[in-house]
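Each chain, written out:
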Amino acid sequence: MSPHPHAAGTRPAAQAGRFYPSSPIHLGEMVERFLAEASPGGLPAPKAVIAPHAGYRYSGPIAGSAFAAWASQPSSIQRVVLLGPSHFVNFHGIALPDASAFATPLGTVPLDPGAVESLFELPDIHTLDVAHCREHAIEVELPFLQRLLPTFTIVPLIVGRATDNAVRTAVDRLWGDAETRFVLSSDLSHYLPSEEARPLDRSTADAIEDLQPQPLTPSRACGYRIIRGFLAAAAQRGLIAKTVDLRNSGDTEGPRDSVVGYGAFHFGPG
């Protein structure tokens, strides 16, 4: 039996006015600008992207580089699986929300009930609403999707203390075909001087492009568990990874003596 039979509510926007504008007009204009100014290159219609999740003034341009490729065929994307690390709650496994939709100032996005139901067959997945209540890692990605895709559902997963295999198993369960895409929400290094962060983030990007999970640790990416699990699924399917954008908060807006690294990556057929 499903652990959340009463999931009928909408998870409200917890970070509007903090991580991104609360005004729908200003938010829409900002997202469209990030998408229009996105770094060129990447893969056509990637199966998955890694996108950062900081405040838009810092990481928004890099997030735009991650998502812009999906503008080429938006109507083909029907479901987006979003995986983000937990910033506020320490728990085991992978958490679904007790909700049927997520809201942002741009509107609401429904969850895919069939996909959610199928995940409860996996031992590491459970409902933990508190893991989602304040969490920004998934919420900040949604406005980009809302601006790009005409209609879509989501599967929002917050990853706690989960093994690589637990993440991979969830990814495998939801892989689907061209209608399903993945967003791996992660920043890179944290609070190093820019001259130290830059080579460390480049090394992390190299590991991702080589589909090598071992170098990925908490000091390299807050979403390291998510990325490690996904790399195993990508390698098995013969996908390649490509770095599209690699910057830090000192490059976008902020001091250079203590920066957060951001990367945009695509995964797709070789």
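One structure accompanies this document, and this report is about it.

The rules behind each value
- Residues numbered from 1 in each chain as written.
- Predicted model: local features only at pLDDT ≥ 70, side-chain atom pairs only at ≥ 80, totals over all residues.
- Heavy atoms only, no water.
- Axes fitted to C-alpha atoms, helices over the stretch in contact; angles between N-to-C directions.
- Helix = DSSP H or I, 4+ residues; strand = E, 2+ residues; numbered from the N terminus.
- Parallel < 35°, antiparallel > 145°, perpendicular 65-115°, else oblique.
- Left-handed = near helix turned anticlockwise from the far one by under 90°.
- Contact = heavy atoms within 4.5 Å.
- Nonpolar A, V, L, I, M, F, W, Y, C, P; charged D, E, K, R; others polar.
- Salt bridge = Lys/Arg side-chain N within 4 Å of Asp/Glu carboxyl O.
- Buried < 20%, exposed > 50% of the residue type's maximum accessible area, 1.4 Å probe, protein only.

### Remarks on the packing of helix α1 (residues 24-36) against helix α2 (residues 56-67)
Next, step 1: Viewed as axis vectors pointing N to C, α1 and α2 meet at an angle of 55 degrees, and their least axial separation amounts to 7 Å. With respect to α2, the element α1 is oriented oblique. As α1 packs across α2, the resulting crossing turns out to be right-handed. Only Tyr56, Gly60, Pro61, Gly64 and Phe67 of α2 make contact with α1, whose side of the interface consists of Leu27, Met30, Val31, Phe34 and Leu35.
Next, step 2: Split into classes, the residues belonging to the contact of α1 with α2 amount to eight nonpolar, two polar and no charged.

### A word on the pattern of salt bridges
Next, step 1: Tallied over the entire structure, the rule returns 13 salt bridges.
Next, step 2: For Glu139, the salt bridge is made with Arg11, and the minimal N-O distance between the two is 2.5 Å. Residue Glu139 is located in the loop between α4 (130-133) and α5 (142-148), and its partner Arg11 is located in strand β1 (residues 10-11); the two are separated by 128 residues in the primary sequence.
Next, step 3: Overall, Arg11 belongs to the buried group, its relative accessible area being 6%.
Next, step 4: For Arg168, the salt bridge identified is with Asp172, shortest N-O distance 3.6 Å. One end of the pair is Arg168 and the other is Asp172, both in helix α6 (residues 164-174) and four residues apart, which spans about a single turn.
Next, step 5: Each of Arg168, Asp172 and Arg237 takes part in salt bridges that share partners, so that together they form one network.

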